[in-house]
Amino acid sequence: METTIGHRFTQALEGVIRFEPQMDIIMRMCTYVESREDATGLHVYRMTAYALETAKAMGVDAKATEHLVLAAALHDIGKLVVPDRIVLKPGKLDPDEWEIAKMHAAAGHRILAGSSYEEVETAAQVALCHHEKWDGSGYPNGLLGESIPLLARIVAVADVLDALTSKRVYKSEYPLDTALGILREGSGSHFDPEVVAALMSVEPRIGTLHLVFEDAGDGIPLYRFAEFLEGRR
C-alpha cells in the first residue's frame with residue numbers, strides 16, 4: 001500500500017523531532033523573519049515541504065534529508081539585516097535597494113557559519129548559495145552548475161515555487177500550474193535541470209500539498225509540521 005504524504009514527511013522529520021525544543025525556537029524565529037513578507041507565516045513550512053518531496057524524488061540520503069529540514073527553515077535568516085523599507089516596498093527595488101536586499105545571503109552565512117555541528121554548517125552553505133543560478137548568473141558569488149551545493153539547488157527551486165504561488169506586497173500570486181511552467185522555463189539556466197525534473201516527477205504530491213497549505217488559514221501551530229501533514233491538525 002502506498003504510504004501517505006504525511007507519513008513520508010513524518011519519516012523524513014524523525015531525526016529532527018527529537019530536537020523539538022530547539023526546532024521550535026528555530027521555526028518561531030524563521031516564521032517571524034518571513035512573516036514580514038508572508039502574512040500567513042507559512043512560507044518556511046511550504047517551501048520545506050516542497051524541498052523534501054524534491055529531495056526524496058532525487059534519492060537524497062536520510063542524513064542529508066535531515067539536514068535539509070534545518071537548512072530550508074534557515075535559508076533566509078539573513079533577511080534580519082534587510083530593513084522593512086526594502087522588504088515591504090510595494091514596487092520594484094532600485095539598484096541600490098537591490099544590492100542591500102542581496103546582502104541577506106552572505107549575512108545568513110555569517111550568522112550560521114563556524115558551527116561545530118555539521119547540519120548547521122550545511123545550513124550556512126544553503127543560506128549563502130540559495131540564490132546562485134545553474135548558469136553562473138546568480139549571487140553572491142556567481143557559482144556555476146554543480147559547484148553550487150546540492151541542497152542549495154533544491155532549496156532554490158522550492159523557494160521560487162513558493163514565492164511565485166504566494167501573494168506579496170509587491171505582487172499577486174500565480175496559479176500553481178503557471179509557477180511550474182516558469183520553473184520548467186528556468187531549467188538549465190536558473191535551476192539545476194535534475195532538481196526541476198525531480199520536482200516535476202512528484203507534481204501530483206506538490207499539488208496536494210499546495211491545496212493543503214491553502215486551506216491552512218493563518219498558520220499551523222508552530223512546529224507541528226508532521227502532525228499537520230498527517231491531517232491531525
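What comes next concerns the included structure. (Residues numbered from 1 in each chain as written. Predicted model: local features only at pLDDT ≥ 70, side-chain atom pairs only at ≥ 80, totals over all residues. Heavy atoms only, no water.)

With respect to the packing of aromatic side chains
Considering all chains together, one arrives at one aromatic pair under this definition. A centroid spacing of 5.8 Å and a plane angle of 85 degrees characterise the contact between Trp98 and Tyr139, whose relative ring orientation is edge-to-face. Linking Trp98 in helix α6 (residues 95–112) with Tyr139 in the loop between α7 (118–129) and α8 (150–164), this pair joins segments that are 41 residues apart in sequence. Overall, Tyr139 belongs to the buried group, its relative accessible area being 13%. Stacked on the ring of Tyr139, the Lys or Arg Lys102 has its end atom at 5.5 Å from the ring centre. (Phe/Tyr/Trp six-rings, centres within 6.5 Å; stacked < 30°, edge-to-face > 60°. Helix = DSSP H or I, 4+ residues; strand = E, 2+ residues; numbered from the N terminus. Buried < 20%, exposed > 50% of the residue type's maximum accessible area, 1.4 Å probe, protein only. Lys NZ or Arg CZ within 6 Å of the ring centre and 35° of its normal.)

Overview of the pattern of salt bridges
Taken as a whole, this structure holds eight salt bridges when the rule is applied. Arg46 is the salt-bridge partner of Asp162, the closest N and O atoms lying 2.4 Å from each other. In this pair, Asp162 sits in helix α8 while Arg46 sits in helix α3 (residues 43–57), placing the two residues 116 residues apart along the sequence. Among the residues examined, Asp162 registers a relative accessible area of 0% and is labelled buried. The class of Arg46 is buried, set by a relative accessible area of 9%. (Salt bridge = Lys/Arg side-chain N within 4 Å of Asp/Glu carboxyl O.)

Some details on α6
In this model, α6 (18 residues) spans 27 Å end to end at C-alpha, consistent with the 26 Å of a helix rising 1.5 Å per residue. Of all the bends found along α6, the most pronounced is centred on Ala105 and spans about 30 degrees. Taken together, the buried positions of α6 are Glu97, Ala101, Lys102, His104, Ala105, Ala107, Gly108 and Leu112. Residues of α6 that are buried make contact with α4 (62–74), α5 (84–87) and α7. You can read the cap of α6 off the contacts: a side-chain oxygen lies 3.1 Å from the backbone nitrogen of Asp96, and it is on Asp94. (Expected span 1.5 Å × (residues − 1). Bend = angle between axes of the 7 residues up to and from the residue. Contact = heavy atoms within 4.5 Å. Polar contact = N/O pair within 3.5 Å; in protein donor to acceptor, adjacent residues only side chain to side chain.)

Focus: the nonpolar core
Formed by 50 residues in total, the largest nonpolar core has its most connected members in Leu68, Leu74, Ile154, Leu161, Leu183 and Leu199. Contacts of Ile154, omitting those with residues within four sequence positions, involve Ala51, Thr54, Ala55, Met58, Val60, Leu68 and Val195. (Core = buried A, V, L, I, M, F, W, Y, C linked by side-chain atoms within 4.5 Å.)

Some remarks on unusual backbone geometry
Across the junction of Tyr139 and Pro140, the peptide omega takes the value 10 degrees, indicating a cis bond. When you line up the elements, Pro140 lands in the loop between α7 and α8.

Some remarks on the packing of α3 against α4
Interaxial distance between α3 and α4 falls to 9 Å at its minimum, and their mutual angle equals 150 degrees. Of the possible angle classes, the one that applies to α3 and α4 is roughly antiparallel. For the crossing formed where α3 meets α4, the hand is right-handed. Residue-level inspection shows Val44, Met47, Thr48, Ala51, Leu52 and Ala55 of α3 in contact with α4, the latter providing Thr65, Leu68, Val69, Ala72 and Ala73. (Axes fitted to C-alpha atoms, helices over the stretch in contact; angles between N-to-C directions. Parallel < 35°, antiparallel > 145°, perpendicular 65-115°, else oblique. Left-handed = near helix turned anticlockwise from the far one by under 90°.)

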